[in-house]
Each structure stands twice: as C-alpha cells, then as structure tokens.
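Working through the structure, step by step
Each chain, written out:
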Amino acid sequence: MPKVSRDTTTQGGDYGAVVDRSEEFGDYTVDFLTFREDVDHRPLLKGLPDDRCQCPHWGYVFRGELTFHYADHDEIYHEGDAFYAPAGHVPVHTEPGSEYLQISPSDELRRTSEVIMKNFQSLREQG
C-alpha cells in the first residue's frame, strides 16, 4: 500500500507564501500545505465557475486555522479538525503558520491548480 509524508513527497513546490508538498496516488492527490502568510484565494480562482474552487477536498488541520467561504455561509476549521469541503468554496487563510493535509481528486485538482497558477503569475507580473 502506498504511503507518503511531508518529507517523502516528490511534487509541489515553495511558492513563497505557500509551501505545497504533494504526491499522487492513482485518482487522488495528497497535499501537505503550509501557509507562511495570509492568503485570500479569491483573486486566484478568477475564471473558474462562480470564481470558486470546484474541486472537493478532504483534510485535517495540523496547526492554525482554515476558512472556506461558500455562497451562503463560512466554515472555519481549527487545529485538530478533520474537514470535507465540497465544490463551490473559496479558501482563505488568515493565520500565518497554518498547516493542513488535503486529499483531492487529481483531475479536478489539476484543472483548478492550472487556473490558480495562471492567476498567480499574472498577479506577480502586475506586482
């Protein structure tokens, strides 16, 4: 059976405000995410339906806080919380040092990540 830890991942990268260590297992991707700064994903999700993440995620918060904004409510998760975030959310990290594990369907995550990276590059160039 496959396994992975933060130290054994082979994918992802250091994006300054965010460190993403990831690994694909068949149809799913495991991400270990660390946020060094506050990050509001709203500008990064522009271009997706409703400008919201359409990929579901399951996860666990190791440290800090994680907020998902939905059209009609917010969900806030703290250290020690497991979570499920269905499609239609916007992640917002307001506590530097937050760390969590996220498991997502790889194809949907890939489509979302392509938009995020395109918007990230565009914002950096405007910077």
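Look up a bit, the structure's there.
In short, a report on the structure. (Residues numbered from 1 in each chain as written. Predicted model: local features only at pLDDT ≥ 70, side-chain atom pairs only at ≥ 80, totals over all residues. Heavy atoms only, no water.)

1. Side note on the overall build of the protein
Put simply, the rule is: By the criteria applied, helices consist of DSSP H or I runs no shorter than four residues and strands consist of E runs no shorter than two, each listed in order from the N terminus. With C-alpha atoms as the basis for the radius of gyration, the globule rule is written as 2.2 Å multiplied by the number of residues raised to the power 0.38. Residue exposure (1.4 Å probe, protein chains only): buried if accessible area is under 20% of the type maximum, exposed if over 50%, otherwise partly exposed. Two residues form a contact once any of their heavy atoms are found within 4.5 Å. A 1.4 Å probe and the Shrake-Rupley method give the accessible areas. Residues count as covered only by the protein chains that appear here. His residues and chain termini do not enter the charge count, which takes Lys and Arg as positive and Asp and Glu as negative. By convention, charge coordinates are those of NZ in Lys, CZ in Arg, CG in Asp, or CD in Glu.
Regarding its fold elements, the protein presents 1 helix and 10 strands. If you list the helices and strands of the protein from N to C, you get β-β-β-β-β-β-β-β-β-β-α. Relative to the 2.2 N^0.38 estimate, which gives 14 Å for 127 residues, the radius of gyration of the protein is 14 Å and therefore close to what a compact globule would have. Viewed in the frame of its principal axes, the protein has a C-alpha envelope of about 40 × 30 × 25 Å. With 127 residues in all, the protein has 43% of them scored as buried. Within the protein, contacts between residues separated by at least 24 positions form 58% of all contacts whose residues are at least 6 apart in sequence. When the accessible surface of the protein is split by element, carbon and sulfur atoms take 49% of a total near 7300 Å². Separation of charge centres in the protein, based on 12 positive and 24 negative side chains, amounts to 4 Å.

2. A short note on the layout of surface pockets
If a probe as big as a water molecule is rolled over the atoms, it shows which places are left empty. The line we're drawing: Residues are called lining when one of their atoms sits within 4 Å of a cavity or pocket point, these points coming from a 1 Å grid over the protein atoms alone, where a cavity is a set in which a 1.4 Å probe fits but cannot get out and a pocket is an open set with protein on both sides within 12 Å along at least five of seven lines. Grid points are joined across faces, edges and corners, and a volume is the space filled by probe spheres set on the points.
What the largest pocket holds in volume is close to 750 Å³. Lining the largest pocket are 33 residues, and of these Asp20, Leu33, His41, Ser113 and Ile116 lie nearest its centre. Elements that contribute at least two residues to the lining of the largest pocket include exactly strand E1 (11-14), strand E2 (18-25), strand E3 (28-35), strand E4 (39-40), strand E10 (98-105) and helix H1 (106-126). Considering every element that reaches the lining of the largest pocket, the biggest residue donor is H1, with 8 residues.

3. Things to note about the nonpolar core
It is characteristic of soluble globular proteins that their nonpolar side chains tend to be buried jointly. Rule in force here: As used here, the term nonpolar core means buried Ala, Val, Leu, Ile, Met, Phe, Trp, Tyr and Cys residues forming a set that is joined through side-chain atoms within 4.5 Å.
With 22 residues, the main nonpolar core has Phe68, Phe83 and Tyr100 as its most contacted residues. Looking at this core, the elements that each hand over two or more residues are E3, strand E6 (65-69), strand E8 (82-85), strand E9 (90-93) and H1. Apart from residues no more than four positions distant in its own chain, phenylalanine 83 is found in contact with His57, Trp58, Gly59, Tyr60, Val61, Leu66, Phe68, Tyr77, Tyr100 and Leu101.

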